[in-house]
Amino acid sequence: MPIPSTLEPFFQCLLKNDIKIYRKKATILQINVGFLCNQVCRHCHLNAGPNRTEVMNYETAEAVIAYAKRCYFEVIDITGGAPEMNPNINMLIEKLAPLTSKLIFRSNLTALNDGKKDELIHLLKYHHTAIVASFPSLNDSQTDSQRGHNVFQKSIETLRKLNEIGYGQANTGLELSLVSNPSGAFLPPSQEKTGKRFHDLLKQKQGIVFNDFFSFANVPLGRFRNWLIESENYEDYMRTLASSFNPEAVQGLMCRTLVSISWDGYLYDCDFNQAENIYIGGRKVHVSEMQGCPEEGTAIAVGNHCYTCTAGSGFT
Ligand code: SF4
């Protein structure tokens, strides 16, 4: 990924700070089941959308399940695109849930709200799957401008439906977390303060409750990078990320304990590296060839987009 000539590449910044990013014990398996999505969000690092054909097929899904049987992961995290649109999603949930302590399902909320996902919602609840939902803003026009027409209202409807069946409610064990990202080329405000505002206002105005709140910076890849370039924000945004480099953030980087698998079964250090076709540790490996977890101590393959994860309090 190109970087403004005035900025040093990420790997050089690490060298200058005498920092090496290497793997710790792998505890999280993140499975990207495909780039097919019902939305075309402006910040999407994967360029996901309704016309994408990259969808995990049955054979690859079975190979991923076999890997999760060979190698125990404390957390298995299903993401996309919109995982709801993968034809094998129910099978994946049923077969992966018994193999881990925590199964996570990432949803954009609207894909769960097309009137045809009741069986999936029932399965998620039955297996106590934690739902991590994208909900960028409390402002409807801001959300719709970033994610598409009527997305805010549809998301509210889905959150209400999930609350009704116990998600986000106290003492149900059905976790519902919200993820917010900025609507433009700037870093997110304090996660703690924003989280409190989301809790208070969603309760007051919409009667909606949820558990955790996370806010992340937009990664300058895919559709977001294209928007940055078209709007002539790219250089400034890269400068903002690089000048916010925080060596302390390296400790908690998600890539150090995470294995990311793509729709066609290849391994990566994270979903962002997947978007950049940077294979795990720089080596192309298919899940069917992988016997165990990646070795502790192996180097993580980095790129200039990694400045996003080390900016401010980082991306954990
Ligand atoms: S983008 Fe870079 S720093 Fe962030 S998780 Fe991926 S490999 Fe690690």
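Higher on the page you've got the structure.
Residues numbered from 1 in each chain as written. Predicted model: local features only at pLDDT ≥ 70, side-chain atom pairs only at ≥ 80, totals over all residues. Heavy atoms only, no water.

Some thoughts on the site of the ligand
- All residues in the neighbourhood of the ligand are listed as Leu 253, Met 254, Cys 255, Cys 270, Phe 272, Asn 273, Ile 300, Ala 301, His 305, Cys 306 and Cys 309.
- Each residue belonging to the shell around the ligand can be placed in one class, and the counts come to nine nonpolar, two polar and no charged. (Near = heavy atom within 4 Å. Nonpolar A, V, L, I, M, F, W, Y, C, P; charged D, E, K, R; others polar.)

Points about the side chain of Arg 256
- Mapped onto the elements, Arg 256 comes out in the loop between helix H9 (234-243) and strand E7 (258-261).
- For the buried Arg 256, no salt bridge is present, and the opposite-charge side chain at shortest range is Glu 296, 9.1 Å distant.
- A polar atom in the side chain of Arg 256 sits 3.4 Å from the backbone oxygen of Val 250.
- Beyond its immediate chain neighbours, meaning those up to four positions away, Arg 256 contacts Ile 21, Tyr 22, Arg 23, Lys 24, Lys 25, Val 250, Gln 251 and Ile 300. (Helix = DSSP H or I, 4+ residues; strand = E, 2+ residues; numbered from the N terminus. Buried < 20%, exposed > 50% of the residue type's maximum accessible area, 1.4 Å probe, protein only. Lys, Arg positive; Asp, Glu negative; His and termini not counted. Salt bridge = Lys/Arg side-chain N within 4 Å of Asp/Glu carboxyl O. Polar contact = N/O pair within 3.5 Å; in protein donor to acceptor, adjacent residues only side chain to side chain. Contact = heavy atoms within 4.5 Å.)

Considering the sheet that holds strand E8 (residues 267-268)
- Here we have eight strands laid out as an open sheet, ordered E6-E5-E4-E3-E2-E1-E7-E8, and mixed in their pairing. On the outer flanks of this sheet lie strand E6 (213-215) and E8, each paired with one strand and no other.
- Note: strand E3 (residues 102-107) against strand E4 (residues 130-134), four bridges, orientation parallel. Across the sheet, Ser 107 pairs through a bridge with Ala 133, a residue of E4.
- Across the face of the sheet, helix H7 (residues 191-206) comes into contact with strand E5 (176-180) and E6 while running at roughly 130° to E6. (Pairing = 2+ DSSP bridges. Axes fitted to C-alpha atoms, helices over the stretch in contact; angles between N-to-C directions.)

Notes on the nonpolar core
- Within the largest apolar cluster, 52 residues are counted, with the highest numbers of intra-cluster contacts made by Leu 29, Tyr 67, Leu 96 and Phe 135.
- Looking at this core, the element that brings in the most residues is helix H2 (residues 58-70), giving six residues.
- With 30 residues, the next largest nonpolar core counts Ile 3, Leu 241, Cys 306 and Ala 311 among its residues. (Core = buried A, V, L, I, M, F, W, Y, C linked by side-chain atoms within 4.5 Å.)

Observations regarding the environment of Ala 299
- Note on placement: Ala 299 falls in the segment after helix H10 (271-275).
- A relative accessible area of 54% places Ala 299 in the exposed class.
- Non-local contacts of Ala 299, meaning those with residues more than four positions away in its chain, are made with Ile 21, Tyr 22 and Gly 281.

Concerning the packing of aromatic side chains
- Tallied over the entire structure, the rule returns eleven aromatic pairs.
- An angle of 40° between the planes, with centres 5.6 Å apart, marks the rings of Phe 135 and Phe 152 as tilted. Placement of Phe 135 in the loop between E4 and helix H5 (140-147) and of Phe 152 in helix H6 (residues 151-164) is noted, with a sequence separation of 17 residues between them. Judged on exposure class, the residue Phe 135 and its partner Phe 152 are both buried.
- Aromatic pair Phe 214 and Phe 216: ring centres 6.3 Å apart, planes at 5°, arrangement stacked.
- A residue is classified by how much of its surface remains accessible, and Phe 214, at 29% relative accessible area, is partly exposed.
- You can call Phe 216 buried: its relative accessible area is 16%. (Phe/Tyr/Trp six-rings, centres within 6.5 Å; stacked < 30°, edge-to-face > 60°.)

Structural notes on the pairing of E7
- The alternating pattern of E7 places Leu 258 and Ser 260 on one face and Val 259 and Ile 261 on the opposite face, and all of these are buried.
- Inspection of the sheet shows strand E1 (residues 28-32) paired to E7 by four bridges, in the parallel sense. Each residue of the ladder has a partner; that of Ile 31, found in E7, is Ile 261.
- Judged from the two bridges that link them, E7 and E8 form a sheet pairing that is antiparallel. From the neighbouring strand, Ile 261 faces E8, where its bridge partner is Leu 267.
- What sits between E7 and E8 in their antiparallel hairpin is a turn of five residues, with Gly 265 showing a positive phi close to 90°.

Structural notes on H7
- For H7, built from 16 residues, the straight-helix expectation of 22 Å at 1.5 Å per residue is met to within 8% by its first-to-last C-alpha distance of 21 Å.
- Along H7, the residues that are buried comprise Thr 194, Gly 195, Phe 198 and Leu 202. Considered in projection along H7, the buried side chains sweep an arc of 100° and stay on one side of the axis. In this structure, H7 carries Glu 192, Lys 193, Lys 196, Lys 203 and Gln 204 as exposed residues pointing more than 90 degrees from its buried face.
- Those residues of H7 that are buried are in contact with H6, E5 and E6. (Expected span 1.5 Å × (residues − 1). Arc of directions from axis to C-beta.)

Thoughts on the pairing of strand E2 (residues 75-79)
- Within E2, five of the five residues are buried, which leaves the element mostly enclosed by the surrounding structure.
- Regarding the hand of the β-α-β motif, the stretch spanning E1, H2 and E2 is right-handed.
- Assessed by its sense of winding, the connection that carries the chain from E2 through helix H3 (residues 89-96) to E3 is right-handed. (Right-handed = clockwise from strand over helix to strand, strands pointing away.)

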